[in-house]
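Each chain, letter by letter, is given below.
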Amino acid sequence: MTNAIEIDDVSKIFRLYQEKYSSLKERVIKAGKIPYQEFWALKDINISVEEGTSIGLLGHNGSGKSTLLKCIAGIIQPTKGEIRVKGRVSAMLEVGAGFHPELSGRDNIFLSATLLGVPVKEIASRFDEIVAFSELGAFIDNQVKHYSTGMYARLGFAVAVNVDPDVLLVDEVLAVGDENFQRKCIERIRLFQKEGRTIVFVSHSPELVRATCEEAYVLDHGSVVGAGDPGAAIAALRESLQAGAQVGGAKISDPGKEAEPKAAKVPNVELVSIRAVSASEERPEHIFPHDPIKVEVGYHARSPQLGISVAIQLFSPQKEVIFGANTREMGIEGFDLDSDGVVEINFEDLPLLDGIYGVAVTLIDSGGNPISWLEDRAAFQVVNPSRVSGLVALNFSINSYSVPRIAN
Amino acid sequence: MLDWQSAQEDGRESLTQHVSRDRLHVVSSKVPVWSRLIRIWTYRALLLSLVRKELSVKYKNSVLGFAWSMLNPALTLVVYYVVFQLVLKNGMPQFAIFLLCGLVIWNFFSTALSGATSSVVANAGIVQKVSFPREVLPLASVGSALVFLFLQLIVLAIALVVGRDVPAFSYLALLIPAFVDLVILAAAFSVFLSAVNVYYRDTQHLLEIVLMAWFWGTPVVYAYQTIAVPLARHHLSWAFFLNPVTAIVITFQRVLYAKVSPVLATGSVMKILPTGSPLWFLGQLAIVFVVSCVLFVIALSVFGRMEGNFAEEL
């Protein structure tokens, strides 16, 4: 397999000016002494993406993930290093970028597709498909300035996914549009994956990355701090988020402490074990649909902790969240934890069919911050003796009756 | 827009193969000029789209629409005609046609340059969000100026017919190299200025003044010989050709106005244009061609060096 994207030792330095001098007079007068700070938006990034894989870029705000995506797209050039991308790149950094408000939807399709480097003939042959995907119908000949935000977004996305890219770069664009449209977009992305295209996905949403990507990279202050399968990367993301939250502002004013951020974040209470088992007395070995199960989470508290809430998530075999609950958000009073103990979560009737389901548990302090979590460490398998298939065990009944024909 | 629809039908019949499928796109701050040129070429469809966009947006919501692009030089012509022919009495025969030959060229040049200078800044929205060879933006300004040039040439053609002016047919072929020179020269300055303007926004203001001085340094309103004769007296004839636009303008005048040294009603001879043969003009144009190409390559490499930080500077 060859690599679709090779990021080779890429760094990007931004110069942050206190004030912006963009007139000649000011530049001449202040030549050489304009105060600026160097800001490493990216630092020695090396990533290669094989053809046909989907990767996610995760990180908190300002971690450099969008900068990296812009570099891959060729919108900004790295200060150091080189990025090689094979094939046609389509970047969705903002839907409808390059649309001109005065032009009609039709003209804008041509304008923005040529902007993405597609020959006019090819756009013309895909024109109907683009219009159909955008669901604009007769509005396609109206000026874009009269479009609603949703229509605008739909048209933008329709163009971006219909340019037949080899490499698709997506940055949070799925946040726009109604649910129906979002679902359509994700379907399209899945179709791209099946067709063996390469996708780079920047998202704030770990769940979306877990559900769509095969690999993920976590960026923090411009460096890759975690890589691997999405589960591991998301764990690294949570760690870096927590490190950022706890060390906080001290990081900038006191760079000396940055060397050992790990020491600062030993939590007062930690999850130490997790298991999901059948709670059925008849067959403790297997879990059948509609059986009760319990999730036991062992914790170790270094000091008494008051008002701790618990969040639990269950994942489908496809790593989609099928259930999520947070006792804090549900208004359930927090628990007081001390020394060692177990939190037990009971599901009395599990309406699931065959498959291996993942469990993730997070402890949340009284302020709402996650303090400890375990995921990808526990799973349970549901065995389905009946002949129905799918994910959800639905109870149903069926009957047949005849309707007397009404004679005219 | 009609073109697109017909292209649409073509496209359905024969699906185009992907030209750029196996293209390796390198994002780096060091990309050589020739590969930049190849990249611009692959984006030629975008160039046309942008020209089309600029044209259809420019006169949207205006009553006279494209007529403005012809009215504008026509009114300038009237002003200069009144000042130089009627008030200052320069006595040049068929002054309106002489003026129009130069004005059409100069208008193209100045429209292209002033449009291009602000092109990257004006399109900040797409420069920050979409990847494409940014040189296409100033080149699109040159493209739309070209469309206006053709419209104004129509006005010139009408003027030639109305004024019963006969062009110099033996010089006619010179229009092609003159035209090529003009486009390359305008493109070179456009690409260069659009990049510089991102960093120094004064460029667009400075350009207005420079263009005005440059206009008066080019024999558009006055005859070439008016300046060339005194310069020759001081052995400075070459100085006039420091301005590359001069050779282009006098070629157009030589072909279309075609009065080198007419005998006036008073009996005196008025020297207007150089007396050179077609070959002399071709030589001048060849020099301008070389200069323009060198400038264009320099402009591309300067643009390439500055391009890396466009998205941040905007």
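Cut-off values and rules
Residues numbered from 1 in each chain as written. Chains lettered and ligands numbered in written order. Predicted model: local features only at pLDDT ≥ 70, side-chain atom pairs only at ≥ 80, totals over all residues. pLDDT = per-residue confidence, 0-100. Contact = placed C-beta atoms within 7 Å. Pairing = 2+ DSSP bridges. Helix = DSSP H or I, 4+ residues; strand = E, 2+ residues; numbered from the N terminus. Core = buried A, V, L, I, M, F, W, Y, C linked by C-beta atoms within 7 Å. Buried ≥ 20, exposed ≤ 12 C-beta atoms within 10 Å, placed from the backbone. Axes fitted to C-alpha atoms, helices over the stretch in contact; angles between N-to-C directions. Parallel < 35°, antiparallel > 145°, perpendicular 65-115°, else oblique. Left-handed = near helix turned anticlockwise from the far one by under 90°. Nonpolar A, V, L, I, M, F, W, Y, C, P; charged D, E, K, R; others polar.

## Some points on the confidence of the model for chain A
Per-chain confidence: chain A averages 79 in pLDDT, with 87% of residues scoring 70 or above. Counted against residues more than four places away or in other chains, residues 246-264 of chain A, with its pLDDT under 50, gives seven contacts.

## Overview of the pairing of strand β12 (residues 305-315) of chain A
Residues and elements named next belong to chain A. As paired elements, β12 and strand β14 (residues 335-337) share two bridges and run antiparallel to each other. If you follow Gln305 over to β14, its bridge partner there is Leu337. Sheet analysis places β12 next to strand β16 (residues 355-364), joined by seven bridges and oriented antiparallel. Across the sheet, Phe315 pairs through a bridge with Gly358, a residue of β16. Across five bridges, the pairing between β12 and strand β13 (residues 321-326) is antiparallel. Opposite Leu314, over in β13, you have Phe323 as the bridge partner. Between β12 and the antiparallel strand that follows it, β13, lie five residues; Lys319 among them carries a positive phi value of about 70°.

## Description of the nonpolar core
Within the largest apolar cluster, 154 residues are counted, with the highest numbers of intra-cluster contacts made by Ile72 and Leu169 of chain A together with Ala186 of chain B. By residue number, the principal contributor to this core is helix α5 (residues 95-117) of chain B, which donates 14 residues. Excluding residues that lie within four positions of it along the chain, Ala186 of chain B makes contacts with Phe108, Phe109, Ala112, Leu113 and Val142 of chain B. With 27 residues, the next largest nonpolar core counts Ile293, Val295, Val310 and Phe315 of chain A among its residues.

## Considerations on the packing of α5 of chain B against helix α9 (residues 175-199) of chain B
Residues and elements named next belong to chain B. Across the interface, α5 lies against α9 with an axial gap of 7 Å and an inter-helix angle of 25°. As summarised for this structure, α5 and α9 are arranged roughly parallel, according to the angle between their axes. Classified by chirality, the crossing of α9 by α5 is right-handed. Of the residues in α9, those touching α5 at Ile105, Phe108, Phe109, Ala112, Leu113, Ala116 and Thr117 are Leu182, Ala186, Phe189, Ser190, Leu193, Ser194 and Asn197. Residues belonging to the contact of α5 with α9 are distributed by class as follows: ten nonpolar, four polar and no charged.

## Overview of the confidence of the model for chain B
Residues and elements named next belong to chain B. Scored by pLDDT, chain B has a mean of 83; 91% of the residues are at 70 or more. Across chain B, the element-wise mean pLDDT spans from 41 in helix α1 (residues 2-13) up to 93 in α9. Note on residues 1-20: pLDDT is under 50 here. Beyond four places in sequence and across chains, it has 23 contacts.

## Notes on the sheet that holds strand β11 (residues 293-301) of chain A
All names here are of chain A. The strand order across the open sheet built from three strands is β10-β11-β15, with neighbouring strands paired in antiparallel fashion. Looking at the sheet topology across the chains shown, the edges are occupied by β10 (269-278) and β15 (340-347). For this sheet, the mean inter-axis angle between neighbouring strands, taken without regard to orientation, is 20°. In the sheet, β11 pairs with β15 via eight bridges, with the strands oriented antiparallel. Across the sheet, the residue bridging to Tyr299 is Gly341, located in β15.

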